[in-house]
Amino acid sequence: MAYTALYRKFRPLKFEDMVGQEHITKTLKNQIMAERVGHAYLFNGGRGTGKTTTAKILARAVNCLNPQNGEPCNECEICKEILSGSLTDVVEMDAASNNSVDDIRAIRDEVNFLPTKAKYRVYIIDEVHMLSTGAFNALLKTLEEPPEHVKFILATTEPQKLPATILSRCQRFDYKKINDENVVKRLKIICAESNIKITDEALKTIAVLSEGAMRDAISILERCGQESADEITVDLVKDLVGLPSLQYVHKVAKAILENDEMVALQAIDDVINDGKDLYNYLWEVIKYVKDILVYKSTQKLNLYSADELKAIQDLAEKAEKTRLLEIIYQLSELENRIKNSTQKTILFQAGILKICMKPIIPMAQPQIVKGQQNIVQPQPRRDTVSPVPEQKRPTAQNVQKTEDWQQIVENLKKSGKIRLYTCLVNTTVDKLNDQTWEVVFTNGLTDFNKRILEEVNNRNDLIKAIAMATGKEINIRLRDGKAKKAESTTQTSAFDGLGIDINIID
Ligand SMILES: [Zn+2]
């Protein structure tokens, strides 16, 4: 049995069977009924939106021996011959492969002859923007003075590549992307007629994946149908197009929102081990974060099961809209970077790690505020961003623990700030609130400590190290761990006028 691709088999034979392009089919039908069909049309639109299908219907409708309301009958001798491709009066040409001057000259010579059987010779030129300059010129001559018995239907995805002289001689119709609902509607009809069982969810997923191209939607459906005699599910659809299942996407999105680098790396490993394409995966993650943002704004989403929606709801509570937006931008940048890279995996891992890290508040020179309290606020710079540190650093939410302060101090040593490190090595930190930490000198706050912390470079290094770990501006108080609590005021005021630049608040 001869095999016919589903999209050919189910190519609409009438204007009324086409979905999503009613603004075009209605006009054409009216023109046909009023016998005011133009001599040249330009059909412009994305692939799979119905340009060629319309052209074929139009070619039959203008030649049909028994047209009905502007539609071809598809039953008469002419319609049947056009449908079978045996009528030489209707010529389909792909300009991608026949784009030379000679190809068009052949048409130009031919148009002078009357049609053999039909009323009109119809030339359908697909991908017309692929014609060479010479070919366009040859075509233009024909379009300028077309014989009565000739119709041209040009189709393109890139009208901006056509010479203005060609554009001005055509009636132009712009095809819309077919919306998901219409794609689903059409797929349902095809499934019913082909005995394909499929879940509604799977249908919706195919519609989303096809991005408004009906031909792509039908091709995906067909591949699914060949793969499984059982009911087609979402997982089968995703598997076939190489999409990672939602659990991988969710895992990495959650890790990013929780700044959990370890889990993020695990999620990426899972995807690689599962043989999925990282680029597709990244695209899915971008869409997922976008959906979290949409959910946060509208409290509703299509295409997800109740459980999946609950998971999205949980994630939506973890981040502000601005953070979600920022993640989307960062992921999109990453997408651009890895698109043409031969080191996709490494770039992908590094990029996700970077996004996992909390945004860093850029450091600036602290200002000394003279007065009874030396309150110093680091001012964020507006135009530069501090580089992300290479070493693993604690994340903001767990920095409250003392060992993370130790990590900050440890990092000072690693980066060669030995004096500062020595000064702080026997300290702990009390996190008083989101903006203020109290550094406690457990062995007492000595003059040596004070002198070290007075130095501008040391002061800047410490502020920077804390900001890198927390992503925040933190004010620092110094406290002598040996002094009684009540004495701390006196002690802090001892810094007054000493030019101690580190943030000291009391
Ligand atoms: Zn007919």
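Each remark here, short or long, concerns the structure printed above.
Residues numbered from 1 in each chain as written. Predicted model: local features only at pLDDT ≥ 70, side-chain atom pairs only at ≥ 80, totals over all residues. Heavy atoms only, no water.

Novice: Tell me what's going on with the sheet that holds strand E1 (residues 40-44), and back it up with residues and numbers.
Specialist: Reading across the sheet, the 5 strands line up as E2-E3-E4-E1-E5 and stay open at both edges, with parallel pairing between neighbours. Looking at strand neighbours, the two that pair on one side only are strand E2 (90-94) and strand E5 (171-174), the edges of this open sheet. Strand after strand, the sheet turns through a mean of 15 degrees between neighbouring axes, direction not considered. Where E1 meets strand E4 (residues 150-156), 5 bridges bridge the pair, whose relative direction is parallel. Across the sheet, the residue bridging to Leu42 is Leu154, located in E4. Most of the contacts of helix H3 (residues 51-63) go to strand E3 (residues 121-126), to which it runs at about 175 degrees, and overall it touches E1, E2, E3 and E4. Where helix H5 (residues 101-110) meets the sheet, its contacts fall on E2, E3 and E4, and the angle it forms with E3 comes to roughly 165 degrees. (Pairing = 2+ DSSP bridges. Helix = DSSP H or I, 4+ residues; strand = E, 2+ residues; numbered from the N terminus. Axes fitted to C-alpha atoms, helices over the stretch in contact; angles between N-to-C directions. Contact = heavy atoms within 4.5 Å.)

Novice: Give me the coordination of the zinc ion: which residues, what numbers.
Specialist: For the zinc ion, every protein donor is listed as Cys64 (SG), Cys73 (SG), Cys76 (SG) and Cys79 (SG), and the spread of their distances is 2.2 to 2.3 Å. Coordination at the zinc ion is tetrahedral: its 4 donor atoms span angles of 100 to 120 degrees at the metal. Counting residues between consecutive donors of the zinc ion along the chain gives the motif C-x8-C-x2-C-x2-C. As far as the burial class goes, Cys73 and Cys76 line up, both buried. (Donors = N, O, S within 2.8 Å, 3.2 Å for Na, K, Ca; no water. Tetrahedral: all angles 85-135°; square planar, octahedral: opposite > 155°, others 65-115°. Buried < 20%, exposed > 50% of the residue type's maximum accessible area, 1.4 Å probe, protein only.)

Novice: Give me the nonpolar core: which residues, what numbers.
Specialist: If you look at the biggest cluster of nonpolar residues, it comprises 39 residues, and the most contacted ones within it are Tyr281, Tyr288, Val289, Ile292, Leu331, Phe348 and Ile352. Those elements that provide at least two residues to this core are helix H12 (246-257), helix H13 (261-273), helix H14 (278-298), helix H15 (306-316), helix H16 (321-339) and helix H17 (344-356). At 10 residues, H14 tops the list of elements feeding residues into this core. If we skip the residues at most four places from it in the chain, Phe348 touches Ile268, Leu278, Tyr281, Leu282, Leu334 and Ile338. Counting residues in each nonpolar core, the second largest holds 29 residues, with Phe15, Ile57, Ile153 and Tyr175 among its members. (Core = buried A, V, L, I, M, F, W, Y, C linked by side-chain atoms within 4.5 Å.)

Novice: Now, about unusual backbone geometry: what can you tell me, with residues and values included?
Specialist: Trans peptide bonds make up most of the peptide bonds, and negative phi angles are found at most residues other than glycine. A positive phi angle is found at Asn69, which is not glycine, with a value near 50 degrees. Topologically, Asn69 is positioned in the loop between H3 and helix H4 (77-84). With phi around 50 degrees, Glu211 is a residue other than glycine that occupies positive phi space. With respect to the helices, strands and loops of the structure, Glu211 is situated in the loop between helix H9 (200-210) and helix H10 (214-227).

Novice: I'd like to hear about H9, residue by residue, with values.
Specialist: Three or more residues of H9 are buried, namely Ala202, Leu203, Thr205, Ile206, Ala207 and Ser210. Close packing links the buried residues of H9 with helix H8 (180-194), H10 and helix H11 (234-240). Glu211 sits one or two positions beyond H9 and adopts a positive phi of about 50 degrees.

Novice: Which residues make up the pairing of strand E7 (residues 436-441), and what are the values?
Specialist: Counting buried positions over the 6 residues of E7 gives 6, a clear majority of the element. For strand E6 (residues 427-431) and E7, the ladder comprises 5 bridges, and the chain directions are antiparallel. Residue Lys431 lies in a different strand from E7, and its bridge partner there is Trp437. In this structure, the hairpin formed by E6 and E7 is closed by a connection of 4 residues. In this sheet, strand E8 (residues 475-480) lies alongside E7 in parallel orientation, the contact comprising 6 bridges. The partner of Trp437 across the bridge, within E8, is Ile476.

Novice: If you had to explain the pairing of E1 to someone new, which residues and values would you point to?
Specialist: It is a general feature of regular strands that their side chains alternate between the two faces of the sheet. Burial of E1 is extensive: 5 of the 5 residues sit out of reach of the surface. Here E1 pairs with E5 via 4 bridges, running parallel. Bridging from a neighbouring strand, Phe43 pairs with Phe173 of E5.

Novice: So what's going on with the packing of aromatic side chains? Residues and values would help.
Specialist: Applying the stated criterion across every chain, the model contains 7 aromatic pairs. The structure contains a cluster of three or more aromatic residues connected by ring pairs, namely Tyr41, Phe43, Phe173 and Tyr175. (Phe/Tyr/Trp six-rings, centres within 6.5 Å; stacked < 30°, edge-to-face > 60°.)

Novice: Please give an account of the sheet that holds E7 that cites residues and values.
Specialist: If you walk across this open sheet you meet the 3 strands as E6-E7-E8, and the pairing is mixed. The sheet is open, and its two edges are formed by E6 and E8, each paired on a single side. Neighbour-to-neighbour, the strand axes of the sheet open up by a mean angle of 25 degrees, direction not taken into account.

Novice: I'd like a rundown of H15, residues and numbers included.
Specialist: What sets the pattern is the α-helix's 3.6 residues per turn: residues three or four places apart point alike. Along H15, the residues classified as buried are Ala311, Ile312, Leu315 and Ala316. Down the axis of H15, the buried side of the element spans an arc of 140 degrees, and every buried residue falls inside it. Facing away from the buried surface of H15 by more than 90 degrees, the exposed residues are Ala306 and Asp307. Buried-residue contacts for H15 involve H12 and H14. (Arc of directions from axis to C-beta.)

Keep in mind these numbers describe shape, not what the thing actually does.
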